[in-house]
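Breakdown of the fold
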Amino acid sequence: MVPIHHFLFLGAALFTIGVIGVLTRKNIMVILMSIELMMNAVNINLIAFSAHLGQTAGQIFAIFVITVAAAEAAVGLGIVIAMFRNKETMNINEIDLMKW
Amino acid sequence: MSVEQVLFYIFAAIAVVSAILVITRKNVVHSAVCLAATLLSVAGIFLTLHAEFLAGVQVIVYVGGILVLFVFVIMLISVEKTIHERQFGRGWLIGFIAALLLISELVFVVWRGRDSLVLAQPTGPVESPLGFVGNSQLVGEALYTNYLLPFEIASILLLVAIVGAVALAKRKTQAE
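Figured I'd write up the structure that's included with this text. Within any chain, residue numbers begin from 1 and follow the written order of that chain's sequence. The naming scheme follows written order: chains are lettered A onward, ligands numbered 1 onward. Since the coordinates come from a predicted model, pLDDT governs what is reported: local features require at least 70, and pairs of side-chain atoms require 80 or more to be given and counted, while whole-chain, interface and lining totals use all residues. Calculation of side-chain values draws on the structure's entire complement of heavy atoms; hydrogens and water are dropped beforehand.

So, on to the overall build of chain A. The numbering of helices and of strands both runs from the N terminus, where a helix is a DSSP run of H or I of at least 4 residues and a strand a run of E of at least 2. A count of helical and extended segments in chain A gives 3 helices and 0 strands. In sequence order, chain A lays out its α and β elements as α-α-α. In terms of overall size, chain A is more extended than a compact globule, its C-alpha atoms giving a radius of gyration of 17 Å where 100 residues would be expected to give roughly 13 Å. Of all 100 residues assigned to chain A, the portion counted as buried reaches 65%. When contacts within chain A are restricted to residue pairs at least 6 apart in sequence, those whose partners lie at least 24 apart make up 57%. The method behind every accessible area is Shrake-Rupley, applied with a 1.4 Å probe, and residues are considered shielded solely by the protein chains displayed. Roughly 3700 Å² of accessible area belongs to chain A as shown, and the carbon and sulfur atoms make up 71% of that amount. Between the mean site of the 5 positive side-chain charges and the mean site of the 5 negative ones, chain A shows a separation of 5 Å. For the radius of gyration, the atoms used are the C-alpha atoms, and the globule rule reads 2.2 Å times the number of residues raised to 0.38. Whether a residue is buried, partly exposed or exposed follows from its accessible area with a 1.4 Å probe, protein chains only, as a fraction of its type maximum: under 20%, in between, or over 50%, in that order. The criterion used for residue contact is that any of the two residues' heavy atoms lie within 4.5 Å. Asp and Glu are treated as the negative residues and Lys and Arg as the positive ones, with His and the ends of the chain left uncounted. For this purpose, a charge sits on NZ of Lys, CZ of Arg, CG of Asp or CD of Glu.

Of note, B:Q5 is situated in helix 1 (residues 3-24). In this structure B:Q5 comes out as buried when scored by relative accessible area, which is 15%. Discounting residues that sit within four places of it in the chain, B:Q5 has contacts with A:M1 and A:V2.

Each aromatic ring pair is specified by the distance between its two centres and by the angle formed by the two planes. Pairing of aromatic rings covers Phe, Tyr and Trp, the last counted by its six-membered ring, and requires centre-to-centre distances within 6.5 Å; plane angles under 30 degrees mean stacked, over 60 mean edge-to-face, and any other angle means tilted. Throughout the structure, instances matching the rule amount to 5 aromatic pairs over all chains. Geometrically, the ring pair formed by A:F61 and B:Y147 is edge-to-face, given 6.3 Å between the ring centres and 85° between the ring planes. Of the two residues, A:F61 sits in helix 3 (residues 57-87) while B:Y147 sits in the loop between helix 7 (135-144) and helix 8 (148-169), which places them in two different chains. A centroid spacing of 5.0 Å and a plane angle of 65° characterise the contact between B:Y144 and B:F151, whose relative ring orientation is edge-to-face. By relative accessible area, B:F151 is classed as partly exposed at 25%.

Time to look at the packing of helix 2 (residues 28-53) of chain A against helix 1 of chain B. Closest axis-to-axis distance for the helix 2 of chain A/helix 1 of chain B pair is 9 Å, and the angle between their directions is 155°. Viewed along their axes, helix 2 of chain A and helix 1 of chain B adopt a mutual orientation that is roughly antiparallel. Helix-helix and strand crossings are classified by hand; for helix 2 of chain A and helix 1 of chain B the assignment is left-handed. Counting all contacts with helix 2 of chain A, which are made through A:V30, A:M33, A:S34 and A:L37, the residues of helix 1 of chain B involved are B:A19, B:V22 and B:I23. Considering only residue class, the contact of helix 2 of chain A with helix 1 of chain B consists of 6 nonpolar, 1 polar and no charged. Lines fitted to C-alpha atoms define the axes, with helix axes restricted to the stretch in contact, and inter-axis angles between N-to-C directions lie between 0 and 180 degrees. To sort the angles, those under 35 degrees are grouped as roughly parallel, those over 145 as roughly antiparallel, those from 65 to 115 as roughly perpendicular, and the leftovers as oblique. The crossing is said to be left-handed when, going from far helix to near helix, the turn is anticlockwise and less than a right angle, and right-handed when the turn is clockwise. Residue polarity is assigned by list, with Asp, Glu, Lys and Arg as charged and Ala, Val, Leu, Ile, Met, Phe, Trp, Tyr, Cys and Pro as nonpolar; anything else, Gly included, falls into the polar class.

A word on unusual backbone geometry. Not every positive phi belongs to a glycine, and B:H50 is a case in point at roughly 60°. Residue position: B:H50 is located in the loop between helix 2 (28-48) and helix 3 (52-76).

It is worth spelling out the interface of chain B and chain A at this point. Counting residues at the interface gives 85 residues for chain B and 73 residues for chain A. A simple way to read buried area is as the amount of 1.4 Å-probe accessible surface that goes missing from two parts once joined, with both sides added. Summing the contributions of chain B and of chain A, the shared interface buries around 6900 Å²; its carbon and sulfur component is 79%. Of all elements in the fold, only helix 1, helix 2, helix 3, helix 4 (80-83), helix 5 (92-112), helix 7 and helix 8 of chain B reach the threshold of two or more residues within the side of chain B that touches chain A. Split by residue class, the side of chain B that touches chain A holds 59 nonpolar, 16 polar and 10 charged.

Further remarks concern the nonpolar core. A general feature of soluble globular proteins is that nonpolar side chains tend to end up buried together. In terms of nonpolar packing, the biggest core is built from 70 residues, with A:M29, A:M33, B:F46, B:L54 and B:F70 touching the most fellow members. When contributions to this core are tallied by element, the ones reaching two or more residues are helix 1 (4-24), helix 2 and helix 3 of chain A together with helix 1, helix 2, helix 3, helix 5 and helix 7 of chain B. It is helix 3 of chain A that contributes the most residues to this core, 13 residues altogether. In this structure B:F46 touches A:N43, A:I44, A:I47, B:A51, B:L54, B:A55 and B:Q58, once residues within four positions along its chain are discounted. Here, nonpolar core means buried Ala, Val, Leu, Ile, Met, Phe, Trp, Tyr and Cys residues that are tied together by side-chain atoms lying within 4.5 Å of each other.

See the structure below:
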């Protein structure tokens, strides 16, 4: 039986990799993928605690997280397509209309 | 070491390495392939935790749905132009340091509290009813009884997301 803090370490590592991707990359597709990585890290934690405590509630929450991830991916990719049609770029530094 | 433990560490190593590849590859298509490896190994980790239904959902929804959507969009927009640009923004050092602070904090907290995570009586997943009735049945029963209202709200969220995605990605007609 794997001790639960190993799952938490794995979740923390994946979440941090996602954070690094969001903070440092300029390509918007990679940023969206990093957000998916972070959601997966959360799911690992939820399901590890669900198995640890012998309850299904964590798995239900994980299903909702996956639902939100699907909705977020659909809307995010719609934004990417609309953005690419207007500016012909995937670089987030060139999308600065609302920046001061 | 039991089979479960060996599988967990193998899947964890694959997940972390391919996650690092996701954020470091120049080509977005390579990133998508590495993301598929990460998602599949996370599904394997769900299997070692006896969450078979979630593993199936992970493969079907994430790899079969979201990731294919990503690849579609990558193919729609040109990849060649972005490869030759600089891949990391100007503030990458600040972001990297912030992320390092975050992971050291997380590891410190989990490491300090690891003894409090051990339950008084060991109720592992094998002894619990999760293993006997079947994971899908338990999840389904919980989802359609206690969590029925959140389930319906999630369906509304998906509907709103579909409408929003179509409205965002729709090409404007010449009629206006």
